[in-house]
Protein chains: 2
Amino acid sequence: MSASALIGLDWGTTSFRAYRMTADGDVIERKEAPAGILQVPERRFDEAFAAQVGPWLTAEPGLPVVASGMIGSRQGWVEVPYAPCPAGSADLVNGLLHHRTAGGVDIRFVPGLSVRGQDGVPDVMRGEETQILGVLAARPETRLLVLPGTHSKWVTVENGRIDGFATFMTGELFAVLRQHSILGRLMQGAETDDEAFERGVRFGLATEAGSGGLLRRLFSARTLGLFDELPATGINDYLSGLLLGAELREARGCVGEAATRAGVVIVGGAALADRYRRALALADIACETFEGEAAARGQWVIARAAGLLR
Amino acid sequence: MSASALIGLDWGTTSFRAYRMTADGDVIERKEAPAGILQVPERRFDEAFAAQVGPWLTAEPGLPVVASGMIGSRQGWVEVPYAPCPAGSADLVNGLLHHRTAGGVDIRFVPGLSVRGQDGVPDVMRGEETQILGVLAARPETRLLVLPGTHSKWVTVENGRIDGFATFMTGELFAVLRQHSILGRLMQGAETDDEAFERGVRFGLATEAGSGGLLRRLFSARTLGLFDELPATGINDYLSGLLLGAELREARGCVGEAATRAGVVIVGGAALADRYRRALALADIACETFEGEAAARGQWVIARAAGLLR
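Residues numbered from 1 in each chain as written. Chains lettered and ligands numbered in written order. Predicted model: local features only at pLDDT ≥ 70, side-chain atom pairs only at ≥ 80, totals over all residues. Heavy atoms only, no water.

Close approach of charged atoms allows side chains of opposite charge to pair. Applying the stated criterion across every chain yields a total of 38 salt bridges over all chains. With its nearest N and O atoms 2.9 Å apart, the salt bridge here joins D119 of chain A to R216 of chain B. Of this pair, D119 of chain A sits in the loop between β8 (113–116) and β9 (122–125) while R216 of chain B sits in helix α7 (residues 214–226), each in a different chain. Residue D119 of chain A is classed as partly exposed on the basis of its relative accessible area of 29%. Take R216 of chain B: its relative accessible area is 6%, and that puts it in the buried class. A salt bridge links R139 of chain A to E288 of chain A, with the shortest nitrogen-to-oxygen separation between them at 2.7 Å. Here the residue R139 of chain A occupies a position in the loop between α3 (128–138) and β10 (144–147), and E288 of chain A occupies one in strand β14 (residues 287–289), the gap between them amounting to 149 residues. R139 of chain A gets classed as buried once you look at its relative accessible area, which sits at 14%. Among the charged side chains, a salt-bridge network with shared partners connects D194, D274, R277 and R278 of chain A. (Salt bridge = Lys/Arg side-chain N within 4 Å of Asp/Glu carboxyl O. Helix = DSSP H or I, 4+ residues; strand = E, 2+ residues; numbered from the N terminus. Buried < 20%, exposed > 50% of the residue type's maximum accessible area, 1.4 Å probe, protein only.)

What follows is the structure, encoded as structure tokens:
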């Protein structure tokens with residue numbers, strides 16, 4: 001067994017991940033469990049933590065623990081105030097919230113980030129800030145990132161700090177439309193349809209005012225099928241593409257055309273990253289996928305900057 | 001009992017309405033039942049029709065019957081092909097589909113309408129075309145209409161004919177987000193919040209690219225609450241306003257700024273019409289609400305043009 005120097009927790013709404021790392025941030029062992037904060041009964045986070053990570057701490061008592069994600073939200077274990085953008089590792093270290101568990105373990109909770117759009121509307125992230133630090137450690141030249149998901153985040157970086165970001169409800173909207181709308185009821189089959197996906201992306205990206213926006217375009221997933229111009233087996237991928245194209249169009253408006261020219265780093269699971277790669281190609285935005293374990297790497301960056309590593 | 005000249009059926013997906021009318025189109029009697037086409041078991045439309053309208057026909061045999069709405073769709077009783085736009089009463093008369101019921105009653109089914117957007121995307125309506133003819137009979141100067149609902153329709157009129165239209169999934173999107181998304185879970189209380197509604201409308205109408213589109217803006221319903229800038233009791237109306245504002249913005253792009261300058265006629269129920277009136281005022285678009293029974297009036301217009309009235 002290698003000597004460990006850090007335990008990292010990536011504890012979200014619906015998933016729990018833990019990493020045991022060396023002093024260099026290499027992951028020695030990982031755990032994944034369906035123990036997201038919504039799944040922990042009666043918010044017994046002490047027990048859930050001990051059940052998952054207890055054995056590591058028994059074997060190597062006193063390991064520092066850094067936790068990121070929704071576990072630090074109002075619905076989580078302890079609420080860590082959001083740190084405002086721009087924010088880099090020093091700002092996140094300043095915002096760490098120290099909490100000692102019932103079992104006497106010291107945990108440092110990473111703050112989420114907040115930002116105000118140019119329009120005054122607030123935005124927030126929790127967990128992604130740590131992943132982003134992880135990406136920046138490996139790719140310091142990164143200027144723009146997208147973290148796809150239920151609430152997809154587009155993030156700009158300046159001078160090594162997270163400068164700003166915007167959230168898009170793409171993933172959640174796709175899920176509710178697929179499960180609960182007429183569009184979902186029209187969908188057939190489970191096979192993929194790349195042509196339908198690309199067609200959706202192109203329509204989502206279109207900028208003509210006469211094409212309306214999302215409210216009108218969504219209805220095309222119904223009418224194209226009605227006129228036999230889209231197979232029922234393609235509606236799922238068409239809708240996925242349409243929403244993804246719309247996200248790219250919106251994000252380009254938010255971060256600015258210039259910011260997208262240097263390309264974007266995709267941070268996410270393989271299947272979703274692949275969809276984003278294809279959509280970004282249709283939008284003429286260069287991209288790269290980050291393959292590393294961004295959260296663990298970010299937790300290590302923070303632990304090191306906080307002087308927690310022995 | 002007044003002498004009747006026509007029975008009109010406004011038979012939709014979730015509702016059934018029948019009107020007994022004079023030769024002048026005045027409604028003598030109306031029926032409403034939860035017998036929409038999705039609620040008729042095993043598509044036994046003959047039985048449902050006889051149960052609702054049988055007594056009228058027994059009392060006055062041989063009355064002509066005109067039916068509009070989704071009853072004329074693939075999921076309905078008989079499928080009437082869509083008539084292409086532009087279309088007026090003569091075109092709808094030409095497209096009437098004559099069907100004799102098992103009980104020997106002659107029914108004329110009104111065709112729905114189809115149109116191609118400038119972007120080549122097809123659009124359809126079924127039932128609204130009849131309501132629009134009804135509005136035009138009373139207000140021949142109408143040039144632009146909105147029919148709010150699950151799938152809201154914006155319709156342009158030229159030379160007394162329906163020239164084109166566009167559908168927006170506003171109502172359905174609001175319903176699925178309220179019932180199934182994180183935004184719905186954040187909503188509290190049932191009271192109305194006019195201020196939140198108007199704030200939502202204004203944000204939905206905003207045209208700055210830096211504000212993104214609907215995918216980003218939807219998330220503001222969450223973050224404003226998180227920062228205590230929107231009460232949980234106001235999220236419902238904020239979301240309603242946001243979607244309505246987005247619809248107005250999209251519709252203005254689709255029909256053209258010029259078309260909205262002469263004002264729009266709202267055709268719909270009182271509560272929804274009131275929301276549209278308030279949103280249209282914020283968008284500086286003049287409006288008027290049509291208070292009559294548009295569907296019955298339209299059925300009468302078609303029956304008269306088809307020579308069905310004695």
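On we go.
Moving on, we get to the sheet that holds strand β10 (residues 144–147) of chain B. Within a sheet, each strand pairs with its neighbour through backbone hydrogen bonds, oriented either parallel or antiparallel. Residue and element names in this part refer to chain B. Taken in spatial order, the five strands make up an open sheet running β12-β11-β10-β13-β14, and their pairing is mixed. Single-partner strands in this sheet number two, and they are β12 (161–168) and β14 (287–289). With direction set aside, neighbouring strand axes in the sheet form an average angle of 25 degrees. Both β10 and strand β13 (residues 264–266) contribute to a ladder of two bridges, which runs parallel. Within the sheet, the bridge partner assigned to V146 lies in β13 and is I266. (Pairing = 2+ DSSP bridges. Axes fitted to C-alpha atoms, helices over the stretch in contact; angles between N-to-C directions.)

Counting residues at the interface gives 52 residues for chain B and 52 residues for chain A. In this assembly, chain B packs against chain A so that about 4300 Å² is buried in total across both faces, 66% of it on carbon and sulfur atoms. In terms of surface lost to chain A, no three residues of chain B exceed M169, L215 and R216 of chain B, which account for 18% of the buried area on that side. Between the two partners, chain B and chain A, sit four salt bridges. R116 of chain A is the salt-bridge partner of E229 of chain B, the closest N and O atoms lying 2.4 Å from each other. Secondary structure elements with two or more residues in the side of chain B that touches chain A: β8 (113–116), β9 (122–125), β12, α4 (170–180), α5 (182–186), α7 and α8 (235–255) of chain B. Of all the elements, α7 of chain B adds the most residues to the side of chain B that touches chain A, at 10 residues. Taken together, the residues of the side of chain B that touches chain A sort by class into 25 nonpolar, 15 polar and 12 charged. (Contact = heavy atoms within 4.5 Å. Buried area = accessible area lost by both parts, 1.4 Å probe. Nonpolar A, V, L, I, M, F, W, Y, C, P; charged D, E, K, R; others polar.)

Note on placement: S114 of chain A falls in strand β8. Residue S114 of chain A is classed as buried on the basis of its relative accessible area, which comes to 12%. Not counting the four nearest positions on each side in its chain, S114 of chain A is found in contact with Y82, A83, P84, C85, D123, V124 and F165 of chain A together with F227 of chain B.

Attention now goes to the pairing of strand β4 (residues 65–68) of chain B. Across a regular strand the side chains alternate sides, sitting on one face of the sheet and then on the other. All names here are of chain B. A two-sided burial pattern is seen for β4, the buried positions comprising V65 and A67 on one face and V66 and S68 on the other. Pairing geometry for strand β1 (residues 6–11) and β4, over four bridges, is parallel. Note on β4: the bridge partner recorded for L9 is A67.

Further remarks concern the nonpolar core. Judged by nonpolar contacts, the single largest core of 92 residues is most densely connected at W154, L173 and L218 of chain A together with W154, L173 and L218 of chain B. In this structure, W154 of chain B is in contact with L144, L145, V146, G164, F165, A166, F168, E247, L248, A251, V264 and L280 of chain B, ignoring residues within four places of it in sequence. (Core = buried A, V, L, I, M, F, W, Y, C linked by side-chain atoms within 4.5 Å.)

It is worth spelling out the relation of the copies chain B and chain A at this point. Taken as rigid bodies, chain B and chain A are interconverted by a rotation of 180 degrees and an axial shift of 0.0 Å, the fit giving an RMSD of 0.0 Å. Here the two chains are linked by the operation of a two-fold rotation axis. Closest to the rotation axis within chain B is the C-alpha of V176 of chain B, separated from it by 3.2 Å. Both copies share a contact surface, since 100% of the interface residues of chain B are interface residues in chain A too. (Least-squares fit on C-alpha atoms with pLDDT ≥ 70 in both.)

Residue and element names in this part refer to chain A. What the five strands build is an open sheet, ordered β12-β11-β10-β13-β14; its pairing is mixed. The open sheet has two edge strands, β12 (161–168) and β14, and neither has a second partner. Going from strand to strand, the sheet's axes swing by 25 degrees on average, the running direction of each strand aside. Both strand β13 (residues 264–266) and β14 contribute to a ladder of three bridges, which runs parallel. Each residue of the ladder has a partner; that of V264, found in β14, is C287. In the packing of helix α10 (residues 270–282) onto the sheet, the strands contacted are β10, β11 (152–158), β13 and β14, and the crossing angle to β13 comes to about 155 degrees.

Quick look at unusual backbone geometry now. Residue and element names in this part refer to chain A. The residue after C85, namely P86, is reached through a cis peptide bond having omega -5 degrees. Inspection of the secondary structure puts P86 in the loop between β5 (83–84) and α2 (89–94). Phi at R43 takes a positive value of approximately 55 degrees, unusual for a residue other than glycine. Take R43: it is sitting in the loop between β3 (27–33) and α1 (45–59). Given a relative accessible area of 48%, R43 falls into the partly exposed group.

Before going further, it helps to spend a moment on the pairing of β1 of chain B. Residue and element names in this part refer to chain B. Among the six residues of β1, six are classified as buried, and the element is accordingly described as predominantly covered. Side-chain alternation along β1 places L6, G8 and D10 on one buried face and I7, L9 and W11 on a second face that is also buried. Two strands pair when backbone bridges link them, and β1 and strand β2 (residues 16–21) are joined in this way by six bridges, in the antiparallel orientation. Within β2, the position partnered with L6 by the bridge is M21. Where β1 folds back onto β2 in an antiparallel hairpin, the turn is made up of four residues.

Another aspect to go through is the packing of helix α6 (residues 194–205) of chain A against α10 of chain A. Residue and element names in this part refer to chain A. As a packed pair, α6 and α10 sit with axes 10 Å apart at the nearest point and diverge in direction by 50 degrees. It follows from the interaxial angle that α6 and α10 lie oblique. Note that α6 runs across α10; the crossing there is right-handed. Contact residues: α6 offers D194, F197, E198, V201, R202 and L205, while α10 offers R275, R278, A279 and L282. Among the residues forming the contact of α6 with α10, the class breakdown is five nonpolar, no polar and five charged. (Parallel < 35°, antiparallel > 145°, perpendicular 65-115°, else oblique. Left-handed = near helix turned anticlockwise from the far one by under 90°.)

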